[in-house]
Amino acid sequence: MKVAVVGATGLVGSEMLTVLAERNFPVTELIPVASERSKGKEIEFKGKKYKVVTAQDAIALKPDVALFSAGGSTSTEFAPLFAEAGITVIDNSSAWRMDPSKKLIVPEVNGDVLTAEDKIIANPNCSTIQMVVVMKPLHEKYKIKRVVVSTYQSVTGTGVAAVKQLNDERAGIDGEKAYPHQIDLNVIPQIDVFQDNGYTKEEMKMIKETNKIMRDDSIRVTATTVRIPVIGGHSESVNIEFENDFDLQEVRDLLAAQEGIIVVDNPAKLEYPMPKDAHGKDEVFVGRIRRDESQDKTLNLWVVADNLRKGAATNAVQVAELLHKKQLIG
Ligand code: 2RA
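This structure is a prediction, so every number in the text was calculated from the model and none was measured. (Residues numbered from 1 in each chain as written. Predicted model: local features only at pLDDT ≥ 70, side-chain atom pairs only at ≥ 80, totals over all residues. Heavy atoms only, no water.)

Looking at the packing of helix 5 (residues 126–142) against helix 7 (residues 201–214)
At a closest axis distance of 10 Å, the pairing of helix 5 and helix 7 adopts a crossing angle of 40 degrees. In this structure, helix 5 meets helix 7 at a crossing whose hand is right-handed. Residue-level contacts link Ser 127, Thr 128, Met 131, Val 132, Met 135, Lys 136 and His 139 of helix 5 to Glu 202, Lys 205, Met 206, Glu 209, Thr 210, Ile 213 and Met 214 of helix 7. The residue inventory of the contact of helix 5 with helix 7, partitioned by class, reads six nonpolar, four polar and four charged. (Axes fitted to C-alpha atoms, helices over the stretch in contact; angles between N-to-C directions. Helix = DSSP H or I, 4+ residues; strand = E, 2+ residues; numbered from the N terminus. Left-handed = near helix turned anticlockwise from the far one by under 90°. Contact = heavy atoms within 4.5 Å. Nonpolar A, V, L, I, M, F, W, Y, C, P; charged D, E, K, R; others polar.)

Take a look at the structure:
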């Protein structure tokens, strides 16, 4: 299958290449796409070198599928052009996520809705993906009423410049700033811009995307998203109120049985999910599973995942794998 990766030189784009190779996706020809200034650069993929082309060039090469992680403006401009040329787009930007005509997919949660008509498919926000993977089996069993989530998000969610700011600050270098404040030895309770309602865009993404992916607007969600000086992945404290009561061991068993979830929950041995252990992995890690003793039918969880992998690249590749399995591409 001819596969284009649009934004191939970025953090997520290069992770997409890694995941495509690791999961042995049936790539017969890779088309790495980046901006004009990267045109002609060589990218190695599975031992072969490929030259970077522009998005316009890539359309002419007619890939079967194009994985986009090149920002909202590039997706807005080029995803429709790729789709018109018959190329299926899986887009990691926020450009199409809340478009009612576009599907927002986490394969293990709502992959069943994909059809041949879907030519632009949106990959959800990283902090949303890891949460809905955990919500799905619990919602089916106990019916979720409300979710309160606080996130602790890696600087890799912002990109290369943010990782550099963190490393510079650690080295005592006064370099370029990706954040309005120091990030090392600090936390910043702001991810993306503030909205009129006092929430940030990241918080509103978690709220709105969750209802769309879960196909249930009755689930009430509130979020506080925070940036922390960590590299390996996003962590989330998730409090879930259910319609029906639950048995704690049954919750553990339910989560452990879910493909893509690993339960790490042994406080007696100080075992719980941490970003350093999730880094480079594709699973969602869940621990600190316990009742909220302040309210009936309510559960506390700690959820960790590598935001560049399951939170972005791996989820996008898993969507492509599902399309391939359904014979909708390739
Ligand atoms: C972040 N979820 O962590 C956002 C976008 N990747 O910055």
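Back to the write-up after that little detour.
Things to note about the site of the ligand
If you check the shell around the ligand, you find Asn 125, Cys 126, Gln 153, Gly 157, Thr 158, Ile 191, Glu 202, Arg 227 and His 234 and nothing else. Residue Gly 157 places a main-chain N or O atom 3.0 Å away from an oxygen atom belonging to the ligand. Between the ligand and Arg 227 there is a distance of 2.5 Å, counted from an oxygen atom to a side-chain nitrogen or oxygen. Within the complex, the protein chains bury 79% of what would otherwise be the 230 Å² of accessible surface of the ligand. (Near = heavy atom within 4 Å. Polar contact = N/O pair within 3.5 Å; in protein donor to acceptor, adjacent residues only side chain to side chain. Areas by Shrake-Rupley, 256 points an atom, 1.4 Å probe, with all protein chains shown as cover.)

Notes on unusual backbone geometry
For Asn 24, which is not glycine, the phi torsion reads 50 degrees and is therefore positive. With phi around 75 degrees, Asp 192 is a residue other than glycine that occupies positive phi space. Mapped onto the secondary structure, Asp 192 falls in the loop between helix 6 (160–170) and helix 7.

What about the sheet that holds strand 6 (residues 88–91)?
Sheet architecture is open: six strands sit in the order 2-1-5-6-8-7, paired in parallel fashion. Edge strands, defined here as strands with exactly one partner in the open sheet, are strand 2 (29–33) and strand 7 (103–104). Sheet topology note: the strand 1 (residues 2–6)/strand 5 (residues 65–68) ladder contains four bridges and is parallel. Opposite Val 3, over in strand 5, you have Val 65 as the bridge partner. (Pairing = 2+ DSSP bridges.)

Brief notes about the UniProt feature "active site" (unreviewed entry) in the protein chain
Under the feature "active site" (unreviewed entry), the UniProt entry names Cys 126 and His 234. For this annotated set, covering 109 residues, all C-alpha atoms fall within 8.2 Å of each other, a compact arrangement in space. As for its position among the elements, Cys 126 is in helix 5. Taking the relative accessible area as the measure of exposure, Cys 126 reaches 13% and is therefore buried. Those residues in contact with Cys 126 that sit more than four places away from it in its chain are His 234, Asn 307 and Gly 311. Within the secondary structure, His 234 sits in strand 11 (residues 234–242). In this structure His 234 touches Cys 126, Ser 127, Gln 130, Tyr 152, Gln 153, Ser 154, Gly 157, Arg 227, Val 303, Val 304, Ala 305 and Asn 307, once residues within four positions along its chain are discounted. (UniProt positions renumbered as here; feature names shortened; annotations may be inferred. Buried < 20%, exposed > 50% of the residue type's maximum accessible area, 1.4 Å probe, protein only.)

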